[in-house]
Amino acid sequence: MLLAKDINRGGVSGNATANGGELEAPIAEMSSNSIPVHPLGVKPLGNQYLVSGPTARQSLGSLGPLPDEMILQILEYLDILSLKNAGLTCRFLYAFCQLDELWKTLFLETSLQPFAWQGSWRNTLLKTPTGRRARIDCSNVFSDVIHRPFACAHVVLEKYSLDIPEANQIRRFERLNHDDFAQTWSSKPFILTNCIQRWPVYNDWNIQELKRRYSNVEFRAEAVDWTFSTYHEYMSNNEDESPLYLFDKGFAEKMKIQIGHNTDAVYWPPECFGPDLFELLGEERPAHRWLIIGPKRSGSTFHKDPNGTSAWNAVLEGSKYWIMFPPTAQVPGVYVSEDSSEVTSPLSIAEWLLEFHKEARALPGCVEGVCKAGEILHVPSGWWHLVVNLEAGIALTQNFVPKSHLADVLSFLRDKPDQVTGFKRNIESPYDLFVERLKTHYPHLLDNALEELDRRNQSKKRKWEEAVGKKGDAEDNAGGFSFGFGDEDEDDIP
């Protein structure tokens with residue numbers, strides 16, 4: 001990645017101009033291998049070795065010896081007024097105190113209501129109209145901690161979504177029948193291009209129409225509940241590295257729409273996926289369908305879908321880039337605890353793309369694709385996936401249990417009860433509840449799934465015994481050279 005140019009002697013780079021100590025820096029569009037100039041003139045840390053003259057860090061006083069990461073942690077403890085005042089002490093802290101992630105955290109803690117979105121978390125919290133904020137020249141501030149979020153927010157996503165290697169491309173079909181799905185494709189990702197066109201919502205919904213119809217309806221967007229008009233203002237005017245993603249499970253009730261195969265339904269699950277066995281749970285089934293709306297750059301970092309379920313994701317407007325890996329893959333940059341209960345990955349999608357995408361793309365089993373408006377993507381049970389919006393858009397998603405993956409779901413509910421999510425609190429054992437319903441409606445299917453689980457367990461046991469046996473044999477028959485310090489009664493100890 002190219003860095004901002006023209007940094008000699010700590011001057012303002014690119015097309016930015018300094019006037020009386022204030023900086024006017026338009027964010028220019030640049031090539032796919034470069035990043036635009038930071039609006040304050042801040043540069044990556046490495047650039048300080050290419051300049052002469054003093055840097056802003058020299059004015060930090062007693063904070064000077066601290067690394068940038070520690071300074072950021074200290075600032076995270078400040079309240080609104082203290083953070084604002086800290087930014088008035090010197091250029092270096094001024095640049096630090098403009099980091100919008102600091103103000104986002106304070107905003108979420110204060111639960112400010114009502115409010116008018118002003119283009120950034122800082123402006124909104126301080127009620128500063130867009131364009132009224134001072135721009136101090138910080139061209140002698142060199143910090144990866146400050147510059148990197150800006151760089152990530154301006155990553156050119158098309159660099160990663162275009163020119164996908166042929167071997168990695170997610171298979172695309174116009175249609176697929178249930179037999180083909182059950183026999184061949186239930187464990188593989190694919191995209192259907194002619195499947196949802198008959199849904200009424202496909203022709204009726206777009207972002208502007210939803211704003212007109214549901215302007216005052218509150219939806220869940222990660223950690224906040226906002227009216228759609230407020231979220232629309234946010235998604236239309238923000239510079240967040242990871243924009244808030246509207247992801248609402250109660251949308252059907254809020255929008256007063258019908259889903260299913262009745263005459264008033266606005267959409268229904270595609271027939272190719274067959275019966276959804278979790279439907280046996282009726283009102284007791286876990287959360288399973290969501291309305292998804294977001295701006296460009298919004299999305300989800302690597303995860304597996306809950307409870308061992310499969311899923312489909314239908315795009316009504318916009319387009320999404322997907323990169324996916326089989327259940328047993330070790331995804332670069334994604335760290336999983338031994339019991340799989342915790343997943344740690346980079347803080348943002350852009351960070352992962354910058355650091356790990358090239359390595360991940362070369363791994364066996366990696367598949368990628370762009371799902372466009374009017375298309376639907378299948379996420380098999382247990383598959384790792386990252387998804388990012390290439391443009392603002394709307395999608396509908398639903399988790400389901402196909403017959404071919406019943407054993408996977410039963411295994412998850414039985415063996416990982418602490419990781420089961422989405423069920424109501426009064427349901428003590430989702431596994432027992434599901435088994436009870438299966439006994440009534442699909443007894444033979446249940447028997448087959450339980451037999452499959454027994455075969456898997458026996459296979460794991462044999463592999464363990466073989467591994468332990470081979471280790472024991474190796475120890476018993478060990479010969480040749482070995483390194484050691486000898487016994488106590490040996491004379492020659494190296």
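Up top is the structure.
Here goes a summary of the coordinates provided. Computed from a predicted model, the values in this text were never measured in an experiment.

Packing of helix α10 (residues 207-214) against helix α11 (residues 228-236) brings their axes to within 9 Å, and their N-to-C directions diverge by 150°. Comparing the axis directions of α10 and α11 gives the class roughly antiparallel. Contacts between α10 and α11 pair I207, Q208, L210, K211 and Y214 from the former with F228, H232, E233 and M235 from the latter. Broken down by class, the residue content of the contact of α10 with α11 amounts to five nonpolar, two polar and two charged.

A separate point is the pairing of strand β6 (residues 224-227). Bridge analysis of strand β5 (residues 218-221) against β6 gives four bridges, and the strand direction is antiparallel. Bridging across to β6, R220 finds its partner in D225.

Moving on, we come to the packing of aromatic side chains. All chains considered together, the criterion is met by 29 aromatic pairs. Judged by centre distance (6.0 Å) and plane angle (40°), the ring pair of Y245 and F247 falls under tilted. Judged by relative accessible area, F247 falls into the partly exposed class, the value being 33%. Taken together, a centroid distance of 5.9 Å and an interplanar angle of 55° make the contact between F302 and F325 tilted. Here the residue F302 occupies a position in strand β11 (residues 299-303), and F325 occupies one in strand β13 (residues 319-325), the gap between them amounting to 23 residues. Overall, F302 belongs to the buried group, its relative accessible area being 4%. A relative accessible area of 0% means that F325 is categorised as buried. Connected via pairs of aromatic rings, a cluster forms that spans F107, F115, W117, W121, W226, Y231 and Y234. The ring of W185 has K188 sitting right over it, with the charged end atom 5.1 Å from the ring centre.

About the thresholds
- Residues numbered from 1 in each chain as written.
- Predicted model: local features only at pLDDT ≥ 70, side-chain atom pairs only at ≥ 80, totals over all residues.
- Heavy atoms only, no water.
- Axes fitted to C-alpha atoms, helices over the stretch in contact; angles between N-to-C directions.
- Helix = DSSP H or I, 4+ residues; strand = E, 2+ residues; numbered from the N terminus.
- Parallel < 35°, antiparallel > 145°, perpendicular 65-115°, else oblique.
- Contact = heavy atoms within 4.5 Å.
- Nonpolar A, V, L, I, M, F, W, Y, C, P; charged D, E, K, R; others polar.
- Pairing = 2+ DSSP bridges.
- Phe/Tyr/Trp six-rings, centres within 6.5 Å; stacked < 30°, edge-to-face > 60°.
- Buried < 20%, exposed > 50% of the residue type's maximum accessible area, 1.4 Å probe, protein only.
- Lys NZ or Arg CZ within 6 Å of the ring centre and 35° of its normal.

Function cannot be inferred from these measures alone, as they are strictly geometric.
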